[in-house]
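Notes for the structure review
Letter by letter, the chains look like this.
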Amino acid sequence: MKTRIVILGGAESGIGAAILAKKKGFDVFVSDSGEIKKNYKDVLLHNAISFEERKHSEAIILKAGEVIKSPGIPDHAPIIKKLKEHDIPVVSEIEFAARYTGAKKICITGSNGKTTTTMLTFHILKKAGFNVGLAGNVGKSFAWQVAENDFDYYVLEISSFQLDYMFRFKADVAVITNITPDHLDRYQNKFQNYVDSKFRILQNQTAGDFFIYCADDPVTMAELQKRDILSSKIPFSLSDMADREGAYVKNNKMTINISSNKIKMGLENFALPGRHNLYNSMAAGVISRLFDIRKDIIKESMSEFQGVEHRLEFVTKVHGIEFINDSKATNVNSTWFALESMVRPVIWIVGGVDKGNDYSCLKPLVKDKVKAIVCLGNDNQKIFEEFATLIPVIKEAPTAEEAVQTSYNLGMPGDVVLLSPACASFDLFNNYEDRGMQFKRAVYDL
C-alpha cells in the first residue's frame with residue numbers, strides 16, 4: 001500500500017510538493033482551508049491529484065504517513081496541533097524536495113537582504129554558465145523544479161517558517177544576512193526563538209561546508225559565541241578585516257578575499273545603491289568565489305544587476321516628486337535601511353499588520369528625513385503614538401490609491417514618496433507584492 005502524503009496549502013510550494021510526491025509514487029492529497037487558484041487547480045486536475053479546498057478534512061489528513069506544510073500555516077493552527085497529537089511527521093516542502101536531489105544547495109536566510117542576495121547570487125551563477133535553479137521563497141517551487149528539472153545547483157531563499165520544519169536537510173553553503181526582530185507573533189514574542197529558527201540553516205553542516213555571515217550584525221556575532229559550528233566560517237563586513245578571508249570595504253572599494261585570491265571593485269561601479277546592498281553584494285561575492293567564478297564575471301554581474309521588484313524600486317517621477325516602492329519592507333529593520341538611504345525630503349507611507357514592532361530605532365531617521373507620514377493600514381494608533389511628537393503631518397489612507405494621492409498632495413518638487421511599510425500587508429492586501437503593484441498602479445494613474 002502506498003504511503004499517503006498530505007499537503008496543507010494549495011499554492012506554489014504545495015502544488016510543487018504534490019507534483020514531486022506523485023512522481024515518487026506516493027498517494028497524494030492536497031488540502032487548503034481557502035480557495036485554490038485556478039492555475040494551481042488546473043495543475044492538480046491535469047496530474048490526477050486529489051484535493052479539497054475551503055476546509056481541512058481531519059478524517060483524511062490524520063491518515064497521512066507524512067504531512068508537508070505550507071510555511072504560511074502557523075504552529076497554533078488547529079490542524080497542526082491535531083497532527084502533533086497524533087505524532088504524524090510534518091515537514092516543509094524544502095525538506096521533502098531535498099531528499100530527491102544531489103544538487104549543491106546554496107541557502108540564504110536573514111531578516112533583511114535575503115531576496116536580493118539570493119537573486120544576485122543566482123544571476124552571477126547563471127551568467128557564469130552554471131546549471132542552476134532559483135527556489136524557496138523566490139522563483140518556482142523547489143519541489144516542482146526537483147520533479148521536472150535536473151539542476152546541479154540551487155540557490156534557495158529560506159524563511160524561518162520553512163526552517164522550522166526542516167530536520168535532515170543540509171546546506172552546502174549557508175548564509176545568514178542579519179537577524180533583527182521580525183515575525184515575533186509566530187515565536188511566542190520571544191526574540192531568541194526567532195534567532196534559533198534562523199540558525200537552523202546550519203543544522204547538519206560538516207567541516208566541508210561553508211557558513212557566510214555578517215560580522216557587523218551583533219545578534220549573529222553573539223550567537224557565534226554560544227554555538228559549536230563545524231562548517232568553515234566566512235565573514236563579511238563594512239570594516240577593514242585586515243586580510244582575513246571574507247569580504248570587506250576599505251578605501252571606497254569592496255574586497256573579496258577567498259583563499260588569498262582577492263577581487264576588488266570600486267563602490268561607484270555597483271548597480272545597486274545603498275549600504276544594505278553592499279552587504280548583499282559581499283555575501284553574493286563570497287559565494288561566487290567559493291565556486292571559483294571568474295572575477296570579470298562577478299564584477300560585470302554586480303555592475304548590471306538591477307535589484308528586486310518591491311525592494312527600493314524606483315517607480316517614476318511625477319512633477320518632480322519621486323516615487324519609490326519598498327513594499328517588501330515588512331519589518332522595522334528593512335525600513336531603517338530604506339530611510340537611511342534617502343537623501344531628499346521623504347513623505348513616508350507606513351503601516352499594515354504590526355508584528356510586534358519597536359519603532360524607536362527609526363525615530364532619529366524620521367526626525368532627520370521625513371516631512372510627512374501617510375498611514376496605510378487598518379489600525380494606525382501605534383504609528384500616531386510613536387511619531388506624532390516628531391512629525392506634525394500624519395494622515396490616514398484606507399487604500400493604496402488614496403495613500404498615493406495624499407502623498408502627492410503633500411509633496412513638492414524634490415521630495416520622495418517612499419512606500420516602506422515596516423509591517424505585513426494582509427490587512428488590506430493579499431501580500432506585499434499586491435501592495436506594491438497597487439501602489440505602482442496608483443502612481444502611474446496620477
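The preceding data block contains the structure.
Let us look at the structure shown here. The shown structure was predicted, so the numbers you read here are calculated from the model rather than taken from an experiment.

Read across the open sheet, the nine strands follow the order β7-β8-β6-β9-β10-β11-β12-β13-β14; overall the sheet is mixed. With one partner strand each, in any of the chains shown, β7 (132–136) and β14 (261–266) form the two edges of the open sheet. Recorded for the sheet is a direction-independent mean angle of 20° between the axes of neighbouring strands. Where strand β9 (residues 173–176) meets strand β10 (residues 210–214), four bridges bridge the pair, whose relative direction is parallel. Each residue of the ladder has a partner; that of Val 175, found in β10, is Ile 212. Here helix α10 (residues 218–226) sits on the sheet in contact with β9, β10 and β11 (232–237), set at roughly 135° to β10. Its contacts with the sheet put helix α11 (residues 275–290) on β6 (104–109), β9, β10, β11, β12 (246–250), β13 (253–258) and β14, and the angle it makes with β13 is roughly 30°.

Right, let's talk about the nonpolar core for a bit. Of all hydrophobic cores here, the largest spans 54 residues; its most connected members are Phe 142, Phe 169 and Phe 211. The dominant element in this core, judged by the number of residues it contributes, is helix α1 (residues 12–23), at six residues. Those residues in contact with Phe 142 that lie beyond four places of it in its chain are Glu 93, Ile 94, Ala 97, Ala 98, Thr 101, Lys 105, Ala 135, Gly 136, Tyr 154 and Leu 156.

For the rest of this paragraph, the subject is the packing of aromatic side chains. The relation between two aromatic rings is expressed through the spacing of the ring centres and the mutual angle of the planes. One pass over the full model with this rule turns up 17 aromatic pairs. Aromatic pair Phe 142 and Tyr 154: ring centres 4.9 Å apart, planes at 80°, arrangement edge-to-face. One end of the pair, Phe 142, is in helix α7 (residues 142–148); the other, Tyr 154, is in strand β8 (residues 153–157), and twelve residues separate them in sequence. Accessibility assignment for this pair places Phe 142 and Tyr 154 in one class, buried. Members of the aromatic cluster, joined through ring pairs, are Phe 161, Tyr 187, Phe 191 and Tyr 194. A cation over a ring is seen here: Lys 140 above Trp 144, with NZ or CZ 4.7 Å from the ring centre. We note Arg 186 situated over the ring of Phe 161; from NZ or CZ to the ring centre the distance is 3.6 Å.

Turning our attention to α1. Helical periodicity: at 3.6 residues per turn, an α-helix aligns residues three or four positions apart in one direction. Taking 1.5 Å as the rise per residue, α1 with twelve residues should run 16 Å; its terminal C-alpha atoms sit 17 Å apart, in good agreement. Counted residue by residue, α1 has nine buried out of twelve residues, so it is predominantly covered. Taken together, the buried residues of α1 touch β1 (4–8), β2 (27–32), α2 (38–46), β4 (66–69), α5 (93–98) and α7.

Counting buried positions along β7 gives five out of five residues, so the element sits mostly inside the fold. Neither face of β7 is exposed, since Val 132, Leu 134 and Gly 136 on one face and Gly 133 and Ala 135 on the opposite face are all buried. Bridge count for β7 against β8 is five bridges, and the pairing is parallel. Following the sheet pairing, Leu 134 is matched in β8 by Val 155. Tracing the backbone out of β7, into α7 and back to the parallel element β8 gives a crossover that is right-handed.

Spatially, β3-β2-β1-β4-β5 is the arrangement adopted by the five strands of the open sheet, whose pairing is parallel. Every other strand in the sheet has two partners, leaving β3 (50–53) and β5 (90–92) as the edge strands with one partner each. Between one strand axis and the next, the sheet turns by 25° as a mean value, whatever way the strands run. Examined bridge by bridge, β1 and β4 share four bridges and lie parallel to one another. Bridge pairing in β4 places Ile 7 opposite Ile 68.

Reading the values: rules and limits
Residues numbered from 1 in each chain as written. Predicted model: local features only at pLDDT ≥ 70, side-chain atom pairs only at ≥ 80, totals over all residues. Heavy atoms only, no water. Pairing = 2+ DSSP bridges. Helix = DSSP H or I, 4+ residues; strand = E, 2+ residues; numbered from the N terminus. Axes fitted to C-alpha atoms, helices over the stretch in contact; angles between N-to-C directions. Contact = heavy atoms within 4.5 Å. Core = buried A, V, L, I, M, F, W, Y, C linked by side-chain atoms within 4.5 Å. Buried < 20%, exposed > 50% of the residue type's maximum accessible area, 1.4 Å probe, protein only. Phe/Tyr/Trp six-rings, centres within 6.5 Å; stacked < 30°, edge-to-face > 60°. Lys NZ or Arg CZ within 6 Å of the ring centre and 35° of its normal. Expected span 1.5 Å × (residues − 1). Right-handed = clockwise from strand over helix to strand, strands pointing away.

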